[in-house]
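Listed below are the residues making up each chain.
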Amino acid sequence: MELEDLKSIWKSGETVFQPKNEQEIAIMLKGRSISIVNKLKRNVWFELVFAIVVSLGLLLYALSLEQGAMKWTSISLLLMCLASTIYFIKKLSVLNRVQGINDNLHDTISFLITNLTSYLKFYRNSYTVLYPVYFLLGLLFSVLERGTDKFVVFLSQPSTIVYLLFMAGLCFLVSTWFTRWYLKKLYGDHLEKLKKILDELNQQ
Amino acid sequence: MAIAEEKKFISLINEHQGLIHKVCIMYENDRDVRNDLFQEIVLQLWKSFSSFRGESKISTWMYRIALNTAISGYRKQTRLLKTEDLREMHLNISDAGSDDYDENFQKLQWAIRQLSEIERAMIMMALEEIPYEEIAETIGITQNNVRVRMNRIREKLKKLMCP
């Protein structure tokens, strides 16, 4: 069977699809994109709006309180939320660089691999930094609850130190494993697929 | 002005929608996912419509965007297709099309789907009579490489269609 035979068979396939009418196409233009980058962007926008709303709530709550442990707890959480806001903006700027659907397939795939890899790396690294911060915040709340003197006595006991080291290690391992697993499940497989396609394109 | 542009685009899609349908059916098994992919391709075409200068054939431009969307920009839920699963293939295609379905086209379609995603893209463009030069440009490889790969693809298709 030659290419010309295949072409005539291919042409016969024009009639087998249920055509969309102009109205259906017009509705499609109003729809939202489900491309991988747009999905990522929508998730980050949701996180950003959530962080801003929580920050405002915490600010109002902190302002309504007199001095005390709850006020400092609210302020420390507010600072965390503000740091998250900057982090989400940075994530969005990384994603905004991921364009290029007009390029050829090779360039688009290379570009996507580079940018998705850097996005995922940024995601992983930022969580690696955030977990110790959460841990330290936990300690801070403990100080606020027990009082500084009691906390120092509590912290000087060898069993407490061992317990804290164990918990820190466990939290770090579990959270790092979870982040890696979550990212691989969400985007890692897609990235692997893109790498395989690029390998095939690079073969002669 | 924007409305006129939109009307022009819609009539263009209407005229060339067979191309988009073919890309969708070659890259997706599931009917609903195929509809999602069709919409995504239309959206991406619309996004880049203003930058289309008419330097290449309209079908080349459409293939470029459609293939980029189907292969790289779209995270799909794939299901492996068994080589002998012609019956299911027939059911899937029937979902999308007419009752008196052409058996040869069905067979060709099945054979193309056994190829890798890149090979599928190349043979689809070749069957649309897109010149090798434009295939090379769309895929991002040399013309010589296109020629070599096309020979291999033809051999594979021959074996699949006439075992």
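Residues numbered from 1 in each chain as written. Chains lettered and ligands numbered in written order. Predicted model: local features only at pLDDT ≥ 70, side-chain atom pairs only at ≥ 80, totals over all residues.

Undergrad: Summarise the overall build of chain A; cite the residues concerned and give the values.
TA: In terms of helices and strands, chain A carries seven helices and zero strands. Shown N-terminal to C-terminal, the secondary structure of chain A runs as helices and strands in the order α-α-α-α-α-α-α. Since a compact globule built from 204 residues should have a radius of gyration of about 17 Å, the 26 Å found for chain A marks it as more spread out than a globular shape. Projected onto its principal axes, the C-alpha coordinates of chain A cover approximately 90 × 40 × 25 Å. Counting the 204 residues in chain A, one finds 14% classified as buried. The long-range fraction of contacts in chain A, counting pairs at least 24 apart against all pairs at least 6 apart in sequence, stands at 71%. (Helix = DSSP H or I, 4+ residues; strand = E, 2+ residues; numbered from the N terminus. Rg over C-alpha atoms; globule rule 2.2 N^0.38 Å. Buried ≥ 20, exposed ≤ 12 C-beta atoms within 10 Å, placed from the backbone. Contact = placed C-beta atoms within 7 Å.)

Undergrad: How would you sum up the overall build of chain B? Please name residues and give values.
TA: In terms of helices and strands, chain B carries eight helices and zero strands. The secondary structure elements of chain B, listed N-terminal to C-terminal, are α-α-α-α-α-α-α-α. Taking all 163 residues of chain B together, the buried fraction comes to 36%. Once local pairs closer than 6 in sequence are excluded, the contacts in chain B between residues at least 24 apart make up 65%.

Undergrad: Give a description of helix α8 (residues 143-161) of chain B that names residues and reports values.
TA: Residues spaced three or four apart along an α-helix point in a common direction, a consequence of the helix completing one turn every 3.6 residues. The end-to-end C-alpha distance of α8 of chain B, which contains 19 residues, comes to 26 Å, matching closely the 27 Å that a straight helix rising 1.5 Å per residue would cover. Residues Val146, Arg149, Ile153 and Leu157 of chain B constitute the buried set of α8 of chain B. One side of α8 of chain B carries all its buried residues, which in axial view fall inside an arc of 80°. More than 90 degrees from the buried face of α8 of chain B, the exposed residues found are Asn144, Arg147, Asn151, Arg152, Glu155 and Lys159 of chain B. Next to the buried residues of α8 of chain B lie α1 (3-12) of chain A together with α5 (103-113), α6 (117-127) and α7 (132-139) of chain B. (Expected span 1.5 Å × (residues − 1). Arc of directions from axis to C-beta.)

Undergrad: Can you break down the nonpolar core residue by residue, with the values?
TA: If you look at the biggest cluster of nonpolar residues, it comprises 49 residues, and the most contacted ones within it are Val23, Ile41, Ala66, Ala121 and Met122 of chain B. Setting aside anything within four residues of it in sequence, one finds Ala121 of chain B in contact with Leu105 of chain A together with Leu67, Ile71 and Ile139 of chain B. In this structure, Ile36, Leu40, Tyr87 and Phe88 of chain A belong to the second largest nonpolar core, which totals seven residues. (Core = buried A, V, L, I, M, F, W, Y, C linked by C-beta atoms within 7 Å.)

Undergrad: Can you tell me about the environment of Ser48 of chain B, naming the residues and giving the values?
TA: Within the secondary structure, Ser48 of chain B is located in helix α2 (residues 31-49). For the pair Ser48 of chain B and Leu19 of chain B, spaced 29 residues apart in sequence, the C-alpha to C-alpha distance is 17 Å.

Undergrad: Go over the interface of chain A and chain B with me, naming the residues and quoting the values.
TA: How big an interface is tends to be reported as the loss of accessible area on association of its parts. If you look at the interface, chain A gives 40 residues, while chain B gives 52 residues. Looking at side-chain class alone, the side of chain A that touches chain B contains 21 nonpolar, 13 polar and six charged residues. (Nonpolar A, V, L, I, M, F, W, Y, C, P; charged D, E, K, R; others polar.)

Undergrad: How would you explain the packing of α1 of chain A against α5 of chain B if you had to name every residue and give the values?
TA: For the pair α1 of chain A and α5 of chain B, interaxial distance at closest approach is 8 Å and the crossing angle is 110°. As summarised for this structure, α1 of chain A and α5 of chain B are arranged roughly perpendicular, according to the angle between their axes. When α1 of chain A is examined against α5 of chain B, the residues Leu6, Ile9, Trp10 and Ser12 of chain A are found in contact with a partner set consisting of Asn104, Phe105 and Leu108 of chain B. (Axes fitted to C-alpha atoms, helices over the stretch in contact; angles between N-to-C directions. Parallel < 35°, antiparallel > 145°, perpendicular 65-115°, else oblique.)

Undergrad: Describe the environment of Asn151 of chain B, listing the residues and the values that go with them.
TA: Residue and element names in this part refer to chain B. Take Asn151: it is sitting in helix α8. Look at Asn151 and you get exposed, because 10 C-beta atoms sit within 10 Å. Each C-alpha atom of the pair Asn151 and Ser48 lies 33 Å from the other, and the pair is 103 residues apart in sequence.

Undergrad: Any details on α2 of chain B? Residues and values, ideally.
TA: In this model α2 of chain B runs 27 Å from its N-terminal to its C-terminal C-alpha over 19 residues, within 8% of the 27 Å that 1.5 Å per residue would give. What α2 of chain B keeps buried is the set Arg34, Leu37, Phe38, Gln39, Glu40, Ile41, Val42, Leu43, Gln44 and Leu45 of chain B.

Undergrad: Could you give me a rundown of the domain arrangement of chain A, with the residues and numbers involved?
TA: Residues and elements named next belong to chain A. By the assigned domains, chain A splits into domain 1 (33-96) and domain 2 (102-204). Relative to domain 2, the C-alpha centre of domain 1 lies at a distance of 18 Å. Between domain 1 and domain 2, the contact holds eight residues from the first and 10 residues from the second. Sorting elements by how many residues they give to the side of domain 1 that touches domain 2 places helix α4 (residues 69-96) first, with seven residues. Its residues placed into classes, the side of domain 1 that touches domain 2 shows six nonpolar, two polar and no charged. (Domains from an automatic or database assignment.)

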